[in-house]
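Now for the letters of each chain:
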Amino acid sequence: YSKQPTGLNASSLLFNAKTYIIADKYNIQSLKEWAVTKYKEVLPVTWNSTSFIESAGLIFENTLASDRILREVIIRKASENAQALFDRGEFVALL
């Protein structure tokens, strides 16, 4: 028996992205770090989803360009899976 992280579904990407944005707005660094950890935890099984694309849009629209923490995670995963993501119209529209 191996303990799986809870909430391994695509909607948790949106929740964690929104948590990150709120934590950034109110300058709660520990909450931002928690949101990144949780985002990264579910990303391996949820990257090819509408929620990944929506969460990327939220982060890039609602955080400063200088805030690279979650942006780098999103960019890395998108570049690793660019071919599959370019087949998704909503990802191309995000660009």
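All of these numbers come straight from a predicted model, not from anything done at the bench.

1. Re the layout of surface pockets
- Space inside the largest pocket adds up to approximately 200 Å³.
- Taken together, Phe52, Ala56, Gly57, Phe60, Ile74, Ile75, Ala78, Ser79, Ala82, Phe91, Leu94 and Leu95 make up the full set of residues lining the largest pocket.
- Those elements that provide at least two residues to the lining of the largest pocket are α3 (50-62), α4 (69-80) and α6 (89-94).
- Here the lining of the largest pocket is composed, by residue class, of 10 nonpolar, two polar and no charged.

2. What to know about the environment of Glu61
- Note on placement: Glu61 falls in helix α3.
- Since its relative accessible area comes to 63%, Glu61 is described here as exposed.
- As a C-alpha pair, Glu61 and Ile21 span 40 residues in sequence and 9.9 Å in three-dimensional space.

3. Digging into a nonpolar patch on the surface
- A cluster of nonpolar side chains, Ile22, Tyr26 and Ile28, forms an exposed patch at the surface whose accessible area comes to about 300 Å².
- Its place among the elements puts Tyr26 in the loop between α1 (11-25) and α2 (29-46).

Parameters and conventions
Residues numbered from 1 in each chain as written. Predicted model: local features only at pLDDT ≥ 70, side-chain atom pairs only at ≥ 80, totals over all residues. Heavy atoms only, no water. 1 Å grid on protein atoms, 1.4 Å probe; cavity = no way out; pocket = protein on both sides within 12 Å on 5 of 7 lines; lining within 4 Å. Points joined across faces, edges and corners; volume = space filled by probe spheres on them. Helix = DSSP H or I, 4+ residues; strand = E, 2+ residues; numbered from the N terminus. Nonpolar A, V, L, I, M, F, W, Y, C, P; charged D, E, K, R; others polar. Buried < 20%, exposed > 50% of the residue type's maximum accessible area, 1.4 Å probe, protein only. Patch = residues over 30% accessible without salt bridge, like charges linked within 9 Å, V, L, I, M, F, W, Y side chains within 5 Å. Areas by Shrake-Rupley, 256 points an atom, 1.4 Å probe, with all protein chains shown as cover. Salt bridge = Lys/Arg side-chain N within 4 Å of Asp/Glu carboxyl O.

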